[in-house]
Amino acid sequence: MLGFNIHSTTAVLVLLLATAKPSVAAIEPLLRSQNLLDDSIPVKVPGGTEMLAHGGKCRAAFQMDGNLSINKRRGEPPYNPIGAFPTMWNTGVIGSGQYEYAMKLEGNFRIFELQDGVRQRTTFSTHSQRHADDGPTFLGIDDECILGIYKGTPENVGEKIWTNMHTDPLMPGDRLSRGVMYRDTKRNAFMILQPADGNLVVYDGSDFTDSDRTPLWASNTAGDASFDFHLDIRPNGLLKLTENGPPQ
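J.: What is the right way to look at the pairing of strand S8 (residues 98–103) in this model?
T.: Each regular strand displays side chains that alternate between the two surfaces of the sheet. In terms of burial, S8 is a largely internal element, five of the six residues being buried. As paired strands, S8 and strand S9 (residues 109–115) are joined by six bridges and run antiparallel to one another. By the bridge assignment for S9, Met103 is matched with Phe109.

Written as C-alpha cells, this is what we have:
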C-alpha cells in the first residue's frame, strides 16, 4: 500500500468531482473478445500495429515497446495525413522485449510480455472482467479519441465497463485504476493516476494534447512501476491510493 489518504474537501481535488456527462459518440472498434463473432475485428495484435479511427483524427499505436499510445489530431477534418499527432494518453508500459495486446474472453484488455512467442507476464490490465457478465465485449474509441471497453457489438453498443478517461462525476465507491484520467470539462483540468509510479497528479487542459504538463497538484507518491495501483473514493470522504502488486 502506498499509504496515501487525503480528504476530498481539498480544494484542487474537489474541483474535479463534478462534471457534465459526455455526449453520445460513434464508437469504432479496435479489438474484440473471442465471443464477439466478427472476423473483421482482431482479438489480438502484435507490437508495432497502428490503427486510425474517425477519419484520421485518432490513432491507436500498439507500440513495439509494450506501450499503447493514443494520439489525437487537433482542428477539423480533413486531417493532414503527415500532420502532427500529439499524444493524448498512454499506458506507460515501456519495455524492450516482445509484446502482444489482447482482449480476453472475460472482457479484460491486457498487454502481455512474450518470450519466444509465449506469454510470460501481464504488464497492463484494465481489470474490467468483473463487469462483463460473460457476454461479448470490445475495445473501442470514440470521436474524442477516448478509449472504452463496451458490452455488445459495434452495431449494438451496450454499457461501457471501462474507460481511460472519466468525465462523469466521481462518487463514493468509485475506483480509478492505473493510468486512468479524470477530466473536469468545466474547469479545463484533468487528473491522472500515473502508470509509472502511482502518483496522482492534476494538470491543466483537457488532456495531454493541450496541457503544458506542469502539475497543479501531486500526491508525490512513489511506487513500483511493475505494479498496479488504484484510487478509491471512500464513503467517509477519503481518497485512498493502493498498490496492488503485479497486473493480473
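Following the structure, the description resumes.
J.: Mind showing me how you'd approach the sheet that holds S8 here?
T.: By way of backbone hydrogen bonds, the strands of a sheet pair with one another, either parallel or antiparallel. The strand order across the open sheet built from four strands is S3-S8-S9-S10, with neighbouring strands paired in antiparallel fashion. Two strands in the sheet have a free side with no partner beyond their single neighbour: strand S3 (44–46) and strand S10 (118–125). Sheet twist, expressed as the mean angle between neighbouring strand axes with direction ignored, is 30°.

J.: Can you walk me through the pattern of salt bridges in this structure?
T.: Two side chains that carry opposite charge are able to pair once their charged atoms sit near each other. Counted under the stated rule, the structure contains 12 salt bridges. Note that Glu100 is salt-bridged to Arg119, the shortest N-O span being 2.6 Å. Highlighted residues: Glu100 in strand S8 and Arg119 in strand S10, separated in sequence by 19 residues. With relative accessibility at 33%, the residue Arg119 sits in the partly exposed group. We note a salt bridge from Asp184 to Arg187, for which the minimum N-O separation is 3.2 Å. On the basis of relative accessibility, which here comes to 1%, the residue Asp184 falls in the buried class. Among the ionic contacts, a cluster of salt bridges with common partners joins Lys44, Glu100 and Arg119.

Rules used throughout
Residues numbered from 1 in each chain as written. Predicted model: local features only at pLDDT ≥ 70, side-chain atom pairs only at ≥ 80, totals over all residues. Heavy atoms only, no water. Buried < 20%, exposed > 50% of the residue type's maximum accessible area, 1.4 Å probe, protein only. Helix = DSSP H or I, 4+ residues; strand = E, 2+ residues; numbered from the N terminus. Pairing = 2+ DSSP bridges. Axes fitted to C-alpha atoms, helices over the stretch in contact; angles between N-to-C directions. Salt bridge = Lys/Arg side-chain N within 4 Å of Asp/Glu carboxyl O.

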